[in-house]
Amino acid sequence: MFHESSIRKSLDEYIKRRILEIPTEVKQTFPNIKQIWKCSDEFNFLYGYYIGKIEEGALRYLLKATRASVGGYVDTFEIRGIIETHKMELHDVIKSAIN
């Protein structure tokens, strides 16, 4: 599905916009991550959280953009792969937000 360059480009832009919002969200929503969520590693918790949130948002974004139904048309593994191409950006943003 994402071989069409306009869809891929649009999805990449959506992911980049979401990554830029993360520092503000972390400061407003997650002030005491370790205490509230009882996790031992803030970075791993937030990385997994944001991968899931971006994947969910990307799915909604694509469904709206393509006016498609979930029924086999949108491959969530393909979405996850595209998100992972932004792994270092996501990593850097989360690290800077918690430091």
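Everything numeric here is computed off the predicted structure, so don't read it as measured data.

Enquirer: What is the right way to read helix α5 (residues 87–98) from this model?
Expert: With twelve residues, α5 extends 17 Å between its outermost C-alpha atoms, agreeing within 8% with the 16 Å of an ideal straight helix rising 1.5 Å per residue. Among all positions in α5, only Leu-90, Val-93, Ile-94 and Ala-97 are buried. Relative to the axis of α5, the buried residues are bounded by an arc of 95° and lie together on one face.

Enquirer: Which parts of the structure should I look at to understand the confidence of the model for the protein?
Expert: The predicted structure's coordinates, where accompanied by low pLDDT, should not be read in detail. With 87% of its residues at a pLDDT of 70 or more, the protein shows a mean pLDDT of 83. Looking across the protein, the model is least confident in helix α2 (residues 33–37), with a mean pLDDT of 75, and most confident in α5, with 94.

Enquirer: Help me understand the pattern of salt bridges in this model?
Expert: Any two side chains of opposite charge can pair if their charged atoms end up close together. Scanning the model with the defined rule gives five salt bridges in all. Of the charged contacts in the structure, one is a salt bridge between Glu-21 and Arg-18, with a shortest N-O distance of 2.6 Å. Taken together, the positions of Glu-21 and Arg-18, both in helix α1 (residues 5–29) and three residues apart, correspond to about one turn of that helix. Through salt bridges with shared partners, one network takes in Arg-18, Glu-21 and Glu-25.

What counts as what
- Residues numbered from 1 in each chain as written.
- Predicted model: local features only at pLDDT ≥ 70, side-chain atom pairs only at ≥ 80, totals over all residues.
- Heavy atoms only, no water.
- Helix = DSSP H or I, 4+ residues; strand = E, 2+ residues; numbered from the N terminus.
- Expected span 1.5 Å × (residues − 1).
- Buried < 20%, exposed > 50% of the residue type's maximum accessible area, 1.4 Å probe, protein only.
- Arc of directions from axis to C-beta.
- pLDDT = per-residue confidence, 0-100.
- Salt bridge = Lys/Arg side-chain N within 4 Å of Asp/Glu carboxyl O.

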